[in-house]
Amino acid sequence: MTHRWRMSKFKAPAAPAIATDRIIRGDCIAAMNAMPEACVDLVFADPPYNLQLAHNLHRPEGGKVAAVDDDWDKFASYATYDEFTRAWLTAARRILKPDGAIWTIGSYHNIFRVGAALQDAGFWILNDIVWRKANPMPNFKGTRFTNAHETLIWAAKSETAKYKFNYHAMKAMNEELQMRSDWLIPICTGGERLKTDGVKAHPTQKPEALLYRVLLACTEPGDIVVDPFFGTGTTGAVAKLLGRHFIGIEREEKYVKVAEERIASLLPLSGGDMPGSAWEVSQGKRGETRIPFGSLVESGLVRPGTRLIDPQRRHQAEVRADGSLSMGAKTGSIHQLGAAAQGLPSCNGWTFWHIEEAGKLVPLDAKRAVYRASVGSA
């Protein structure tokens, strides 16, 4: 019954207030500055890394490594790169809603500079995530450790922002263990690696698995995600798959064409009894509707005068007409008297107190589940 209630509870997301699910060809700073203030829920940014490559890199057998040597990754100096970083972060901050958040990814070449600029701009860093590459490119020269990871920074718009985090969804994805801040995900290979005329379409294409985890963790269906460095459209592809809206910004026409074709070929998730029900994620107890014990009393699921018993049958209390309990001279809520019975500072009365039915003890939590299901059906 609980499962059916959760599915029937799904509501189609409201239509976005701005034009979405599109790619803007042009400069990301100008494009974001042209958007309304506080209009998006998340920014995912994969900015140029400023790799500062001075020479070609070759494999031991002599083959040239397809490194990042495009003009968009070249900056005259650290100062120039820092100025660029501050400009796009300022533009991104303006378009974020008060409870919005930003994710940005980089390598050791740039992520520390980006992190400092984030803090200087007023963002509040929530986590740094280490993306451990299951299949990293080796260090061909053998002069350094193999670069087997990149770093993502997740930050709220301010220290007091009520950012979104689907904790229970992340836990469900990790076999009911808390999701850690080191993520083992392969780089793009095989069919996922987009190519143009047999050559990589983009040198730093991110795996869909990485964006899937980010968007599932921090957004809801119908949310708007902006990617100011859209590339071949991984963010847009995953957003479409999960029922989120996207706005991609990309200045290179060759990447825009690849991204448009990629996203157009995708269908969003569907399934269950309602369109979009596959977008539902685990919420845990905190995500469920709060039910006062008094609601069970007034609905008749628990009658005034009912005797409540603890699992060991050591303590008893009586239900009163207003949903409070009495235990000798003491009165209070199911939680207060559960704590008093055990001499503890707190207690979950829903699991501590039971009702005896047909010789078996039924926890109040089971009664609450029945009531919650009936409310969901209504």
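Rules used in this analysis
Residues numbered from 1 in each chain as written. Predicted model: local features only at pLDDT ≥ 70, side-chain atom pairs only at ≥ 80, totals over all residues. Heavy atoms only, no water. UniProt positions renumbered as here; feature names shortened; annotations may be inferred. Salt bridge = Lys/Arg side-chain N within 4 Å of Asp/Glu carboxyl O. Buried < 20%, exposed > 50% of the residue type's maximum accessible area, 1.4 Å probe, protein only. Helix = DSSP H or I, 4+ residues; strand = E, 2+ residues; numbered from the N terminus. Axes fitted to C-alpha atoms, helices over the stretch in contact; angles between N-to-C directions. Parallel < 35°, antiparallel > 145°, perpendicular 65-115°, else oblique. Left-handed = near helix turned anticlockwise from the far one by under 90°. Contact = heavy atoms within 4.5 Å. Nonpolar A, V, L, I, M, F, W, Y, C, P; charged D, E, K, R; others polar.

Per an unreviewed UniProt entry, the recorded name for the chain is Methyltransferase, and the organism is Sandarakinorhabdus fusca. UniProt lists a comment for the chain under the heading Sequence similarities (unreviewed entry), and it reads "Belongs to the N(4)/N(6)-methyltransferase family." Within the UniProt record for the chain, the comment given under Catalytic activity (unreviewed entry) is "a 2'-deoxyadenosine in DNA + S-adenosyl-L-methionine = an N(6)-methyl-2'-deoxyadenosine in DNA + S-adenosyl-L-homocysteine + H(+)".

Novice: Whenever I open this one, the pattern of salt bridges confuses me. Can you help?
Specialist: Close approach of charged atoms allows side chains of opposite charge to pair. In total, this model carries 14 salt bridges according to the counting rule given. The partner of E252 in a salt bridge is R251, with the nearest N and O atoms 3.4 Å apart. A residue is classified by how much of its surface remains accessible, and E252, at 21% relative accessible area, is partly exposed. Looking at R251, the relative accessible area reads 45%, which means it is partly exposed. For E357, the salt bridge is made with K367, and the minimal N-O distance between the two is 2.6 Å. With E357 in strand β15 (residues 354-357) and K367 in helix α12 (residues 364-377), this pair connects stretches of sequence that are ten residues apart. Taking the relative accessible area as the measure of exposure, E357 reaches 33% and is therefore partly exposed. K367 gets classed as buried once you look at its relative accessible area, which sits at 13%. Among the ionic contacts, a cluster of salt bridges with common partners joins D41, K97, K164 and D223.

Novice: Before we go on, may I ask you to explain the packing of helix α7 (residues 234-241) against helix α8 (residues 253-264) in this structure?
Specialist: Between α7 and α8, the shortest axis-to-axis distance is 9 Å and the interhelical angle comes to 15 degrees. With respect to their mutual orientation, α7 and α8 come out roughly parallel. The crossing of α7 and α8 is right-handed. Where α7 abuts α8, its residues T234, G236, A237 and K240 lie against R262, I263 and A264. Taken together, the residues of the contact of α7 with α8 break down into three nonpolar, two polar and two charged.

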